[in-house]
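# Observations on the model geometry
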Amino acid sequence: MISSNIFFASFILYFIAFFLYIIGLSKENKEYMQGFRFSVIAFIVHTAGLFVRYYEAGIVELKAFEESTGHIATGSERIRIMLSHPPFTNLYESMIFVLWGIAIVYIVINRRFHLNITGLLGSALIVIGMGLSNLLPDKSITPLIPALKSWWLHLHVITASLAYGAFLIAAVVALLYLIRENISPDRIFTVFLFTTSVLVLMMVSFNPLQYGATLLGVAENGKLRPAVISVILDNQTNPLSIVLKRPSPLIGMVSLITIIFSLAGGTILVIKKLPARTAGLVSSAILLIYLISLLLSVSSQDIGTDKRELADLINYSLSSAGINPSDITNMNFNILPPYRINLSSFPYQFSIILMLFLVSLFFLYLTIRYDSFINRLPLSPVLDTISYRTILFAFPMMTFVILTGAVWAHFAWGRYWGWDPKETWSLITWLVYAFYLHSRHTLRWSGKRAAIIAVIGFAVVIFTYIGVNLGLTGSGLHVYGSK
Amino acid sequence: MNKLIDRVFDIFSSLRLTVILLIIILIYLSVSTFLPQESSYLKYLAENRPLLFLLLRITGLTNPYHSFTVILWLFLFTFNLIACSLNRLPAIVERIKRNRSPVYISTESMTKHSFSPPAASKGDITEILKNRGYNISETEKDGNQYIICKKGIYAPVSFLLVHISVLIIIAGITVSALFGYEGFIRLTEGKTENLYYREVIRGNYIKVPLPFRFRLNSFSNITLSTGQSVEYISDITIYDTNNELRTRIRVNDPLEYKGILFVQSSYEANTDEAVFSLRITDDSGEKSENIKIGLKDQAEFMGKRLKITDFFENVHNMGEAIKIQYGDTTVVALKNRPEIQNEESGIRVYIEDIKVPYDSILRITYDPGTKTVFLGSFLLLISLILVIFYKFRMIAIRTSNNLEILYSGKRAESDISLIASLTEAGSKEK
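Described below are features of the structure shown in this document. Everything quoted here is computed from the prediction, not taken from an experiment.

## Some words on the overall build of chain A
Counting its secondary structure elements, chain A contains 15 helices and nine strands. Taking all 483 residues of chain A together, 55% fall into the buried category. Look at the contacts in chain A between residues 6 or more apart in sequence, and 81% of them connect residues 24 or more apart. Carbon and sulfur atoms make up 67% of the accessible area of chain A, which amounts to about 21000 Å² in all.

## With respect to the sheet that holds strand 17 (residues 347–355) of chain B
All names here are of chain B. Reading across the sheet, the three strands line up as 12-11-17 and stay open at both edges, with antiparallel pairing between neighbours. The sheet terminates laterally at strand 12 (288–294) and strand 17, the two strands that pair on one side only. Sheet twist, expressed as the mean angle between neighbouring strand axes with direction ignored, is 25 degrees. With seven bridges connecting them, strand 11 (residues 275–282) and strand 12 associate as antiparallel partners. Following the sheet pairing, V275 is matched in strand 12 by G294.

## Focus: the environment of T442(A)
Secondary-structure assignment places T442(A) in the loop between helix 14 (421–441) and helix 15 (448–467). Residue T442(A) is classed as partly exposed on the basis of its relative accessible area, which comes to 34%.

## Examining the interface of chain B and chain A
Tallying the contact residues gives 53 residues for chain B and 55 residues for chain A. Considering only the side of chain B, the residues that lose the most area to chain A are T33(B), N252(B) and F374(B), jointly responsible for 14% of the buried surface there. Inspection of the chain B/chain A interface yields nine residue pairs in polar contact (both at pLDDT 80 or more). Put simply, the parts of the chain that give the side of chain B that touches chain A at least two residues each are helix 2 (15–34), helix 7 (155–179), strand 7 (229–240), strand 10 (260–269), strand 18 (358–366) and helix 8 (370–389) of chain B. For the side of chain B that touches chain A, the residue count by class is 28 nonpolar, 16 polar and nine charged.

## Here we look at the environment of R363(B)
By the element assignment, R363(B) lies in strand 18. With 165 residues separating them in the primary sequence, R363(B) and R198(B) have C-alpha atoms 10.0 Å apart. In this structure the side chain of R363(B) is engaged in a polar contact, spanning 3.0 Å, whose partner is the backbone oxygen of W413(A). Of note is the side chain of R363(B), whose polar atom sits 3.0 Å from the side chain of E182(B).

## Some words on unusual backbone geometry
For residues that are not glycine, phi is negative in most cases, and the peptide bond is trans in most cases. Despite not being glycine, H114(A) shows a phi value in the positive range, around 50 degrees. Among the structural elements, H114(A) can be located in the loop between helix 4 (91–113) and helix 5 (116–135). Within the chain, K258(B) stands out as a residue other than glycine whose phi angle is a positive 50 degrees. Topologically, K258(B) is positioned in the loop between strand 9 (255–257) and strand 10.

## Let's talk about the pattern of salt bridges
This structure, assessed with the given rule, holds 11 salt bridges over all chains. For R440(A), the salt bridge identified is with D384(A), shortest N-O distance 2.9 Å. Residue R440(A) is located in helix 14, and its partner D384(A) is located in helix 13 (residues 380–413); the two are separated by 56 residues in the primary sequence. The exposure classification of R440(A) matches that of D384(A), with both residues buried. When the shortest N-O distance is used, the salt bridge between E182(B) and R363(B) registers 3.0 Å. Separated by 181 residues along the polypeptide, E182(B) in strand 4 (residues 181–188) and R363(B) in strand 18 bring together distant segments of the chain. On the basis of relative accessibility, which here comes to 28%, the residue E182(B) falls in the partly exposed class. Each of R186(B), E268(B) and D359(B) takes part in one network of salt bridges that share partners.

## What to know about the packing of helix 5 (residues 68–100) of chain B against helix 7 of chain B
Residue and element names in this part refer to chain B. Running from N to C, helix 5 and helix 7 point in directions that differ by 155 degrees, and their axes come no closer than 9 Å. Overall, the two elements helix 5 and helix 7 adopt an arrangement that is roughly antiparallel. Considering only the axes of helix 5 and helix 7, their crossing is left-handed. Contacts from T78, L81, I82, S85, L89, I92, R95, I96 and N99 in helix 5 reach P156, V157, L160, H163, V166, L167 and I170 in helix 7. Looking at side-chain class alone, the contact of helix 5 with helix 7 contains 11 nonpolar, four polar and one charged residues.

## Some details on a nonpolar patch on the surface
Nonpolar side chains collect at one region of the surface, where I71(B), F75(B), F79(B), I82(B), L86(B), L89(B) and V93(B) lie side by side and expose about 590 Å² of accessible area between them. Its place among the elements puts F75(B) in helix 5.

## Topic: the packing of aromatic side chains
Under the definition given, this model contains 32 aromatic pairs over all chains. Here F12(B) and F79(B) contribute two aromatic rings whose centre-to-centre distance is 6.1 Å and whose plane-to-plane angle is 70 degrees, an arrangement assigned as edge-to-face. Of this pair, F12(B) sits in helix 1 (residues 2–12) while F79(B) sits in helix 5, and the two are 67 residues apart along the sequence. On the basis of relative accessibility, which here comes to 25%, the residue F12(B) falls in the partly exposed class. Using a relative accessible area of 46% as the deciding quantity, one classes F79(B) as partly exposed. An aromatic cluster is present here, built from F8(A), F11(A), F15(A), F18(A) and F19(A) joined pairwise through their rings. Lying across the ring of W445(A), R449(A) places its NZ or CZ 4.6 Å from the centre.

## Examining the side chain of D282(B)
Residue and element names in this part refer to chain B. Along the chain, D282 falls in strand 11. There is no salt bridge for the buried D282, and the closest opposite charge comes from K287, which lies 7.3 Å off by N-O distance. When residues no more than four places from it in sequence are discounted, the contact partners of D282 are K287, F301, M302, G346 and I347.

So, how was this worked out
Residues numbered from 1 in each chain as written. Chains lettered and ligands numbered in written order. Predicted model: local features only at pLDDT ≥ 70, side-chain atom pairs only at ≥ 80, totals over all residues. Heavy atoms only, no water. Helix = DSSP H or I, 4+ residues; strand = E, 2+ residues; numbered from the N terminus. Buried < 20%, exposed > 50% of the residue type's maximum accessible area, 1.4 Å probe, protein only. Contact = heavy atoms within 4.5 Å. Areas by Shrake-Rupley, 256 points an atom, 1.4 Å probe, with all protein chains shown as cover. Pairing = 2+ DSSP bridges. Axes fitted to C-alpha atoms, helices over the stretch in contact; angles between N-to-C directions. Buried area = accessible area lost by both parts, 1.4 Å probe. Polar contact = N/O pair within 3.5 Å; in protein donor to acceptor, adjacent residues only side chain to side chain. Nonpolar A, V, L, I, M, F, W, Y, C, P; charged D, E, K, R; others polar. Salt bridge = Lys/Arg side-chain N within 4 Å of Asp/Glu carboxyl O. Parallel < 35°, antiparallel > 145°, perpendicular 65-115°, else oblique. Left-handed = near helix turned anticlockwise from the far one by under 90°. Patch = residues over 30% accessible without salt bridge, like charges linked within 9 Å, V, L, I, M, F, W, Y side chains within 5 Å. Phe/Tyr/Trp six-rings, centres within 6.5 Å; stacked < 30°, edge-to-face > 60°. Lys NZ or Arg CZ within 6 Å of the ring centre and 35° of its normal. Lys, Arg positive; Asp, Glu negative; His and termini not counted.

Here you go:
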């Protein structure tokens with residue numbers, strides 16, 4: 001797929017931009033624009049990649065049309081089919097697209113407010129996100145399923161990724177505000193350690209000893225594809241696809257240890273008033289050990305050839321998907337064993353740990369060069385205004401996302417609102433930001449309180465985007481790719 | 001009495017109430033997504049956990065969208081919203097009156113711009129601002145002569161409009177909840193149906209007739225060679241009292257007839273009604289017979305009884321298969337791979353054709369509130385955009401002595417820099 005290569009090229013360009021921003025950090029000159037320029041180039045390549053992917057998806061759709069109808073599409077019908085499959089219909093594409101939204105917002109804000117630090121953090125996030133998306137097992141383009149064949153999908157997702165990007169940048173700027181306002185890095189770091197624990201807990205599905213499941217793949221022509229079984233339940237006709245998982249007690253154990261250490265570290269930090277530097281060193285060391293042990297525990301191994309092991313595997317995957325084996329009337333293996341696990345078997349665990357590792361490095365840097373970092377930030381009222389104005393723009397966009405979602409749901413499911421977990425969480429996001437705007441206007445909350453709400457709001461956004469798909473909530477209609 | 005009304009109004013219009021209600025609603029919404037969303041809290045009673053059952057029953061957490069408690073919170077929230085909007089109304093009217101007044105100016109709250117234009121350019125400046133949609137008036141304050149330029153006089157309305165549109169959405173939702181209903185209809189290929197299943201309480205259905213009849217002419221599940229479905233199409237005919245309509249319903253392409261929405265929801269292969277065309281030969285292939293047989297029907301071949309006991313739509317990705325009981329032996333025959341078969345049975349079965357009639361399941365919704373909700377949402381969007389872009393701005397030019405420019409609002413600033421660049425260019429030309 002050419003588009004994947006173009007995305008890789010843009011990944012490298014973002015990486016260069018990130019380094020230029022770091023170089024810019026050490027320069028006193030505020031007009032330093034190299035990082036910004038490279039970001040723009042990377043963004044253009046990124047956009048080109050999306051268009052190429054759009055074209056590739058159009059070709060796939062065209063082939064599917066010709067196969068299913070038996071005649072070749074011409075004229076306006078051909079154009080309609082070519083445009084019908086936008087480049088954001090599975091998890092891999094969705095990640096790339098959200099990163100695109102983040103890129104727009106950080107580039108605009110960098111330019112408008114001469115704020116290189118949003119460029120630094122934004123490009124770092126994009127580099128991590130793109131690297132992770134590359135680990136996802138399924139990057140192929142398949143013809144759209146009937147439920148996604150709607151023009152509302154285009155509007156819905158494009159605005160969603162712009163809104164999410166804006167909320168992210170607003171939260172980043174709000175965090176910078178909090179740092180600027182002399183909230184000691186120790187305190188932020190403590191909060192960070194506690195958040196770590198919660199994230200790791202979430203990752204192992206609140207049951208560290210048993211879960212920490214790894215997804216299974218199967219090697220085909222040197223590429224790894226997810227191992228899937230499809231089951232048909234009693235009183236249902238449409239088959240459900242279930243990605244095979246395996247419980248990994250080792251990962252569960254190591255996760256548990258990480259949680260304990262993070263909690264202990266946070267507590268010691270509070271009680272003993274240790275400098276954040278020591279705690280940062282300890283916690284990044286723990287996270288590094290965790291990363292390495294994750295890598296070691298999945299050095300490619302084949303499993304599932306033994307019949308009993310296979311049966312255990314299937315039972316486990318079914319139970320973690322919430323399916324009672326006795327309800328199944330028919331079961332098919334889309335890909336036959338042996339199954340294989342490797343790094344891409346647990347993209348979520350890996351991404352969260354990697355992110356935490358980098359954040360703890362950032363705090364380490366922050367505690368060492370605290371003063372020079374603070375001095376280079378804009379004044380706190382400026383940061384406050386930037387955060388506020390970004391949210392002010394993102395809020396109508398979020399409204400538009402919910403509106404288009406409702407119209408689409410009306411046509412696809414016959415009702416505009418059905419309390420699907422994704423719908424509910426998008427409403428929660430909307431209400432939180434509505435509260436942010438109201439507290440600013442009527443309660444005159446700004447500064448610290450507003451910044452904290454902006455950060456909390458973004459945590460809700462993250463949950464809406466990923467948490468629901470990870471299956472932390474009840475099953476819903478928006479679950480794609482990850483289950 | 002009036003005092004009491006005032007106090008009640010004060011409570012309802014207080015922001016503290018808004019915050020409390022918002023937090024309660026947020027907790028309800030978030031917690032409910034983690035709990036199993038059925039009316040299944042009865043199971044807690046069965047599991048002998050009456051306390052948990054009572055707690056969930058009273059708070060309505062397992063079924064928040066249909067529980068009385070949650071509706072109460074939402075109603076309180078709505079009243080709060082109405083009261084708050086009413087509370088703000090006088091202030092908004094006051095501000096618009098002030099904005100409209102040609103003589104109003106508040107020099108204290110305005111910023112003085114560093115740009116001071118040449119005295120001769122007074123006419124040019126008012127001309128430029130007029131072209132940019134400003135209202136121009138003149139007044140005198142503290143012995144100084146001012147030209148006042150204003151834009152976005154009705155901007156305060158947009159805040160009100162945001163809240164009115166939220167109320168319109170809530171009104172629409174209320175109409176939906178009171179007068180709407182949901183259900184599904186099950187149509188079998190080639191048959192006519194007018195009874196549908198209407199949901200009375202969550203998960204419980206009763207059979208009710210529609211005012212017209214439906215006939216499913218055919219259902220097609222268009223698949224690719226990989227087995228992936230690309231389209232589900234129900235070809236239907238509606239028979240009304242003096243009207244006949246033939247149309248197709250597809251996923252994302254519903255039918256609306258007499259205010260009722262029909263959505264392609266799912267389908268089922270009606271395997272009980274399947275008809276199989278088989279060609280059966282003996283081992284040597286000399287004796288051959290073609291038979292048409294249904295599932296669980298019996299036939300005879302070479303003196304032994306033959307019966308199809310099972311039908312599978314897809315076996316190990318090798319396509320459709322049937323299980324046949326022939327005498328004492330069992331034969332599994334694949335449609336696409338006839339060479340894989342049990343050799344001991346003494347026969348070979350070739351599946352020529354399988355006809356499985358489909359049942360198409362259409363979701364039915366009658367929801368008179370939908371249009372109101374969409375109208376409200378659209379209005380909400382427009383008014384939010386207005387809040388951002390349509391702002392009140394004022395530029396005052398003091399004309400006594402040298403010209404001096406005062407302004408309020410960020411947007412006025414950009415207009416002034418435009419004037420600055422234009423008049424500077426103009427003065428250079430001269």
